[in-house]
Amino acid sequence: MGKATSPIAIGKKVGGALYVHRGAIPDLASAERKKLSVAEEIAQNETWNVAKIARDTVSLLEYEDFNTVAFPSLLQAWSVDLATRRVVHTNYALRANPPILHRKELLLRIDDARRERFAALTKQAEVLGLFEDSHKIGTKAAWAARLDAAGAVVHDGQIVVEPAGASSVQRHKTALVRRDLSQPMALMLRWGVIEDGCSIFDYGCGQGDDVSILNANAFKAFGWDPFHQPDGPQREADVVNLGFVLNVIEKPAERVMTLKRAWSFAKKALTVSVMIRGKQFVGGHQVLGDGFLTTRGTFQKYYGQEELRQFVESALGVRTFTLAPGIITAFRDPDLEQEVIYRRRSRAFRIADSFQIPLREPRAPRVKPSLRERIEPELVAVWRLALSLGRIPGIEEFDADLRQRLSAARVSLQRAIDLAVDGTYDLTLLGEAAAARREDLLVHFALGLFPGAAQYTTLSRSVQRDVKIFFRNYQMALEAARQLLFSVGDQRIVADATLTAISSGLGGMVDEEFFRFASTSLAQLPTALRLVVGCAEVVKRDLLDADFIDVDRRGGFVRATYCEDAARLVPRIVRVVNVDLKVQRSWAAKGAPDALYLKGRYMPWDDPQKASQTEFDSGLLGRGWVTPQGVGPRMTDLMAQIRSLEHGGQTPK
Ligand SMILES: C[S@@+](CC[C@H](N)C(=O)[O-])C[C@H]1O[C@@H](n2cnc3c(N)ncnc32)[C@H](O)[C@@H]1O
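Starting afresh in each chain, residues are numbered from 1 along the sequence in its written order. Selection of residues for local features in this predicted model requires a pLDDT of at least 70, selection of side-chain atom pairs for listing and counting requires 80 or more, and totals for whole chains, interfaces and linings are taken over all residues. The side-chain numbers reported here are obtained from all heavy atoms of the structure, hydrogens and water having been left aside.

**Q** I keep staring at the site of the ligand and nothing clicks. Help me out?
**A** Each residue is tested against the molecule or strand, and it is near if at least one of its non-hydrogen atoms lies within 4 Å. Around the ligand, the surrounding shell holds 21 residues, and the nearest of these are Arg178, Gly204, Asp225, Phe227 and Gly243. In the analysis that follows, any N or O atom pair within 3.5 Å is treated as a polar contact, provided that within protein one partner can donate a hydrogen and the other can accept it, and provided that, for residues neighboring in sequence, both atoms belong to side chains. Interatomic distance of 2.8 Å between a backbone N/O atom of Gly204 and a nitrogen atom of the ligand. Shrake-Rupley sampling with a 1.4 Å probe provides the accessible areas, and residues are treated as covered by the protein chains on show and by no other component. Protein chains shield 96% of the accessible area of the ligand, which is 590 Å² for the free molecule.

Given below as structure tokens:
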């Protein structure tokens, strides 16, 4: 006996009606085939190519040709009432705004060769967000408006983001020639978003210099740009960079589409960077939409940090992580996210990062260099790896590139490890890195215990290895972390940590209560302070976007100061946020001062600007403009005071 076959679900269902292409009729269930043949017989028409089958009516529809038109318009319709046998004929061909058809592939037979091509078009439109609120795009005009808002055009059966030459904005002129890696790429490398061996898609790559530099350094990078590299590949990569693209797009809807499209290519992470408000001179620029038309005819939108974060998070539906002002990363791979967050907080990583090989004395070239001389860069890489791990690496922890380089030099991985840790490099540094790594892990686990912290179902690869080595097992690590978290409830511990931080030159007291430090120094602070700040970050997610952070000596309260440009001698304060850890609540402070005085007190000892800043601060104190408690005039009054001095030919020294 033959097996009963159920008909394959064919056609596109819209509001109780089934749309199906004429070529797919044989695949319909027999009841539907029957209705259709009745309708055909009544309408006596041959030109239709799509049938719309409802309960009591069948419409025979003539759309533009499926093969040549990406989103065909309806030309004519014969609507047949099956009960009364009445036919209503409507001619849409001369109408300015006829209905159109999306998702053509759904109407075809399962084995129709065109299905794949049409489905790819649908995917493109979905990725660009063009099908959102689909009830609003059913007609030709609405669809054209949607494409236009996205800066997209349909060309040759594909959706292409329109080269903006069509508008007066000269987008292509925004691409610079770069000699070094752009800041987002450099930061991705620094924090391990870009790992050895991973692929990188530079979406909107401009002149393509980032791509060239990465490829010259053994990465697998490729780029596409609608103006400069229109034929560049557009395909998935581990990491996608959308560097300073959104800020040159004048159409808000197109920014969303561009962002979504870039995200669709990201297997592990997408980094988005934009121009940040406040650092540029916009005088003389014409206002255009929510940005400016520059004198060169380019568009620039300047974002606030929070605005950027909210924009990306709401468009992509994922949370983001700040690499620097104006540069944020969205992760698809939770393992990588965990690694990067951990690294950002990690002291061991900083030790590894700051390791410089001492310059070698120039010597007369030897006839045959020693093995160490031959593979010095590889040995440094192994040593750096050891420092970042706080232990001797296992051979399985070598990345593909390092393996390959060692194998090309015919040196075994074990031999490279032995040479790297033979005492030529300072082994006490490795001891320091080990202590730092253990502490990093404790902070990481302790923060995971704080209510509301992000939870990961699995530990990242490197953390799993560490747990074994530093704590024996996960339970023991958690127990140590619990104790640590508990300890910061003890006011004396936080107060002691504050004193240690001050004596290590990592910040200073604002008043009797609050210790202030530059947020970039966080990883160097004593564990208790790192933990307090980490807990505050759970409550206020963008806490580390602040330029300066204050911790109450008793540990229960954290304050974050966000500045317009923290590099200035007197940074303008944009906002101050308070975080109360006991009730896990944060709020914007009211009536906070708008200028941050005596910045030198809070800068870390190794900041190259510290000496000149401190001199400037002494000038302010000496003139009595600012009190020793750091209280000074509002920004506008300060500016007026400076101007009056300048007229007198003096500066506040
Ligand atoms: C300021 S440049 C940045 C180039 C490169 N990412 C860099 O950082 O050097 C902006 C680039 O965005 C490109 N662009 C403009 N509109 C775009 C869109 N809708 N999709 C992708 N790239 C776009 C421009 O062609 C230009 O090369």
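**Q** For this particular structure, what's the right way to read the packing of helix H8 (residues 334–345) against helix H14 (residues 427–449)?
**A** The geometry of a pair of packed helices is captured by two quantities: the angle between their axes and the separation between those axes. The geometry of H8 relative to H14 is characterised by a closest axis approach of 10 Å and an angle of 120 degrees between their N-to-C directions. Judged on the interaxial angle alone, H14 and H8 are oblique. H8 and H14 meet at a crossing whose hand is right-handed. The residues of H14 that touch H8, namely those facing Gln338, Tyr342 and Arg345, are Arg437, Asp440, Leu441, His444 and Leu447. All amino acids are sorted into three groups, where Ala, Val, Leu, Ile, Met, Phe, Trp, Tyr, Cys and Pro are nonpolar, Asp, Glu, Lys and Arg are charged, and the leftover types, Gly among them, are polar. Residue composition of the contact of H8 with H14, by class: three nonpolar, two polar and three charged. Only the stretch in contact is used when a helix axis is fitted, and all axes are lines through C-alpha atoms; the angle between N-to-C directions ranges over 0 to 180 degrees. In this text, helices come from DSSP runs of H or I with a minimum length of four residues, and strands from runs of E with a minimum of two, each type numbered from the N-terminal end. For this classification, under 35 degrees means roughly parallel, over 145 means roughly antiparallel, 65 to 115 means roughly perpendicular, and everything else is oblique. By the definition used in this description, the sense in which the near helix is turned from the far one sets the handedness, with an anticlockwise turn below a right angle giving left-handed and a clockwise turn giving right-handed. Here, residues are in contact when the closest pair of their heavy atoms is within 4.5 Å.

**Q** Is there a simple way to explain unusual backbone geometry in this structure?
**A** The bulk of non-glycine residues show a negative phi, and the bulk of peptide bonds are trans. The backbone of Arg85 shows a phi angle near 65 degrees, a positive value even though the residue is not glycine. Here Arg85 is to be found in the loop between strand E5 (74–81) and strand E6 (87–91). The phi dihedral of Arg103 is positive, around 55 degrees, even though this residue is not glycine. Secondary-structure assignment places Arg103 in the loop between E6 and helix H2 (115–127). Any residue under 20% of the maximum accessible area for its type is buried, any over 50% is exposed, and the rest in between are partly exposed; the area is computed with a 1.4 Å probe on protein chains only. Among the residues examined, Arg103 registers a relative accessible area of 27% and is labelled partly exposed.

**Q** Would you take a moment to explain the sheet that holds strand E12 (residues 266–273) for this structure?
**A** Hydrogen bonds between backbone atoms are what pair the strands of a sheet, whose relative direction is either parallel or antiparallel. Ordered by their spatial adjacency, six strands build an open sheet running E10-E9-E11-E12-E17-E16, and the pairing between neighbours is mixed. Bordering the open sheet on either side are strand E10 (220–224) and strand E16 (320–324), each of which pairs with just one other strand. Adjacent strand axes in the sheet meet at a mean angle of 20 degrees when their direction is disregarded. Between any two strands, pairing holds if DSSP finds at least two bridges. Two elements, E16 and strand E17 (residues 327–331), share four bridges in a ladder whose sense is antiparallel. Pairing of Phe321 across the sheet is with Thr329, part of E17. Helix H6 (residues 252–264) rests against strand E9 (199–203), strand E11 (237–243), E12 and E17 of the sheet, and its axis sits at about 145 degrees to E12. Across the sheet, helix H7 (residues 305–316) lies against E12, E16 and E17, angled at about 20 degrees from E17, the strand it touches most.

**Q** Explain the pattern of salt bridges here, please?
**A** Side chains that carry opposite charge are capable of pairing whenever their charged atoms lie near each other. By convention in these notes, a salt bridge is any Lys or Arg side-chain nitrogen within 4 Å of a carboxyl oxygen on Asp or Glu. Summed over the entire model, instances satisfying the criterion amount to 36 salt bridges. We note a salt bridge from Arg309 to Glu313, for which the minimum N-O separation is 3.2 Å. Of this pair, Arg309 and Glu313 are both found in helix H7, four residues apart, which corresponds to roughly one turn of the helix. A relative accessible area of 16% means that Glu313 is categorised as buried. What emerges from the salt-bridge pattern is a single network uniting Arg255, Asp290, Lys301 and Glu307.

**Q** Can you help me understand the sheet that holds strand E13 (residues 286–288) in this one?
**A** Pairing is antiparallel across the open sheet formed by three strands, whose spatial order is E13-E14-E15. Lying at the two open borders of the sheet, with one neighbouring strand each, are E13 and strand E15 (299–300). Judged from the two bridges that link them, strand E14 (residues 291–293) and E15 form a sheet pairing that is antiparallel. Paired with Phe292 across the bridge in E15 is Gln300.

**Q** Even after reading the chapter, I still don't get empty space enclosed by the protein, so can you show me in this structure?
**A** One water molecule sets the probe size; rolling that probe over the atoms shows where empty space is left. Within this scheme a cavity is a closed region of a 1 Å grid, computed over the protein atoms alone, that accommodates a 1.4 Å probe without allowing it to escape, whereas a pocket is open but has protein on both sides within 12 Å along at least five of seven lines; lining residues each have an atom within 4 Å of a point. Grid points are joined across faces, edges and corners, and a volume is the space filled by probe spheres set on the points. Across all of its chains, the model carries four cavities of 30 Å³ or more by this definition. Estimates place the volume of the largest cavity at around 40 Å³. Taken together, Arg345, Val443, Leu447, Leu522, Arg530, Gly534 and Glu537 make up the lining of the largest cavity. Taken together, the elements giving at least two residues each to the lining of the largest cavity come down to H14 and helix H18 (527–539). Counting residues per element, the lining of the largest cavity draws most heavily on H18, which supplies three residues.

**Q** Looking at this structure, I do not really get the confidence of the model for the protein chain. What am I missing?
**A** In low-pLDDT regions, the fine details of the predicted coordinates are not to be read closely. As a per-residue measure, pLDDT reflects the predictor's confidence and takes values from 0 up to 100. Overall, the prediction assigns the protein chain a mean pLDDT of 86, with 92% of residues at 70 or greater. Contacts of residues 649–653 to residues separated by more than four positions or lying in other chains number 12 contacts, the stretch itself having pLDDT below 50.

**Q** Please clarify how the packing of H8 against helix H15 (residues 461–471) should be interpreted in this entry.
**A** Between H8 and H15, the least distance of the axes is 8 Å, while the angle of their chain directions is 65 degrees. Across the interface between the two elements, Asp335, Glu339 and Tyr342 from H8 touch Arg461, Ser462, Val463 and Asp466 from H15. Split by residue class, the contact of H8 with H15 holds two nonpolar, one polar and four charged.

**Q** Would you mind going over the packing of aromatic side chains with me for this structure?
**A** What describes a pair of aromatic rings is the distance from one ring centre to the other and the angle between the planes of the rings. By convention, a stacked pair of Phe, Tyr or Trp rings (six-membered ring in the case of Trp) has centres within 6.5 Å and planes under 30 degrees apart, an edge-to-face pair has planes over 60 apart, and any other such pair is tilted. Scanning the entire structure with this criterion turns up 15 aromatic pairs. On the numbers, 5.9 Å between centres and 75 degrees between planes, the contact of Phe557 with Trp587 is edge-to-face. Of the two residues, Phe557 is situated in strand E21 (residues 557–563) and Trp587 in strand E23 (residues 585–588); the sequence distance between them amounts to 30 residues. A relative accessible area of 21% places Phe557 in the partly exposed class. Among the aromatic residues, those joined into a cluster by ring pairs are Phe201, Tyr203, Phe222, Trp224 and Phe265. The side chain of Arg575 reaches across the aromatic face of Tyr562, ending 3.8 Å from its centre. Look at NZ for Lys and CZ for Arg. If either is within 6 Å of the ring centre and within 35 degrees of the ring normal, a charge sits over the ring. The side chain of Arg623 reaches across the aromatic face of Trp625, ending 5.9 Å from its centre.

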